[in-house]
Structures are given as structure tokens and as C-alpha cells.
Amino acid sequence: QAAAAAAKLKREEKKAARLAAAEQVDAPPPPEPEPELAAAGEVQCQFKGKGKWQSVWLSLEPGAEQLTFKSGGAEGTVLRTAGVEGCKVSSPKTPRKGHENSLRIDLKDGVKDSKGVKKYIIDVGSQEDLARWKSALGDADAESAAQKAAEEEQVQQRRAEEEAKA
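My aim in this report is to walk through the structure given alongside it, one point at a time. Keep in mind it's a predicted model, so treat the numbers as computed, not measured.

Another point: the overall build of the protein chain. Assigned secondary structure in the protein chain consists of two helices and seven strands. In the protein chain, which comprises 166 residues, the proportion classed as buried is 28%. Of the roughly 11400 Å² that the protein chain leaves accessible, carbon and sulfur atoms contribute 51%.

Counting buried residues in strand β7 (residues 119-123) gives four out of five residues, a clear majority hidden from the surface. Taken together, the four bridges between strand β1 (residues 39-47) and β7 define a ladder with antiparallel strand orientation. What sits directly across from Gln46, in β7, is Ile121. Sheet topology note: the strand β6 (residues 102-106)/β7 ladder contains five bridges and is antiparallel. What sits directly across from Asp106, in β7, is Lys119.

Turning to the pattern of salt bridges, a few remarks are in order. When their charged atoms lie close together, side chains carrying opposite charge are able to pair. In total, this model carries three salt bridges according to the counting rule given. Among the salt bridges present, the one from Arg104 reaches Asp106, with a minimum N-O distance of 2.6 Å. Like Arg104, the residue Asp106 is buried in the burial classification. The partner of Asp129 in a salt bridge is Arg132, with the nearest N and O atoms 2.9 Å apart.

With a phi close to 65°, Lys48 is a non-glycine residue in the positive phi region. Mapped onto the secondary structure, Lys48 falls in the loop between β1 and β2 (54-60). Of the residues examined, Lys48 reaches a relative accessible area of 52% and is grouped as exposed.

As a further point, take the sheet that holds strand β4 (residues 77-83). What the seven strands build is an open sheet, ordered β4-β3-β2-β1-β7-β6-β5; its pairing is antiparallel. The strands lining the two open edges of the sheet, one partner per strand, are β4 and β5 (88-90). For this sheet, the mean angle separating the axes of adjacent strands, direction not counted, is 35°.

About the cut-offs
Residues numbered from 1 in each chain as written. Predicted model: local features only at pLDDT ≥ 70, side-chain atom pairs only at ≥ 80, totals over all residues. Heavy atoms only, no water. Helix = DSSP H or I, 4+ residues; strand = E, 2+ residues; numbered from the N terminus. Buried < 20%, exposed > 50% of the residue type's maximum accessible area, 1.4 Å probe, protein only. Areas by Shrake-Rupley, 256 points an atom, 1.4 Å probe, with all protein chains shown as cover. Pairing = 2+ DSSP bridges. Salt bridge = Lys/Arg side-chain N within 4 Å of Asp/Glu carboxyl O. Axes fitted to C-alpha atoms, helices over the stretch in contact; angles between N-to-C directions.

Written out as C-alpha cells, the structure reads:
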């Protein structure tokens, strides 16, 4: 009798394990975490590097190499987007009075944002934010340079392989 009871218990344990495994398969996957932003925040911007300062929410996602300008905060309406691969980040050529924590972004030659602009002066508000934005934008530029170097290396390798076959 003890052996029969032990066998029955073992069958019930196996059945429970199969049911638990089936439930795990049917369970919805855990939600995707929100993408971490390389840099984001409320900034003042001069489009084309001149004119009236506009308050916008600016964000840069890591690896995306794209700036997104929004009105009305983080959840606001997208005003424009700009590919920052190969962009040049510097200090404004002419200091702006009252906008000491500004940086200048020049998009790569031949590249314009979704509204046809290729230069911005952006006041990020503080020295800490200035350093963070310069680092984030510099990383986007460094990533694109590293990617270009890797692609060039692959081209050189293919050429060497083709020459070796010939």
C-alpha cells in the first residue's frame, strides 16, 4: 500500500509540474523596460543658430543617434528629429547673453533635420547638464566613428581575401 501511495504521489507531482510548465508558456512576457535615454530634458533652443529662443524637450536615445525635439514636455508633440551621426558639438562662436550653458550642434555635411535645419544653439541650463549633453552627443559621434572604422576594416579584409584568391 505504501508503494502504491508513493507512486500516486509521484504521478500527482509530475502532473503538477507539467501544469506549472504549461502555465509558464502561456504567461505573457514581462513588459519591455522603457529605453534609457542618453540625455533628455527641457532646453532652450535657437534653430538655425539664430532668432528667438524656444523652449523644447530634447532627447537622445542611446544607440539611436537621433535627437528628438518635442513641445510640451517628454510626452509632448514631436516638432522635429535630427540624425546626429557625425555631428560636430562645440561652444557657440558668439556667446549668448543669459545663455552661458549653451552648446552648438552642427549636423554632418549634407544632413538636415526633418524641417531642413542643420545648426542649433542649445542652452541646457546648467554646467552638469552641459557636460552630460556633450558627453552623450560625443558618444554618438564616437560610435559612428568606431562603426566606420570597423566597416573600413571589413572592406580591407575582403580585399585582402580576394587578392589572396587571385
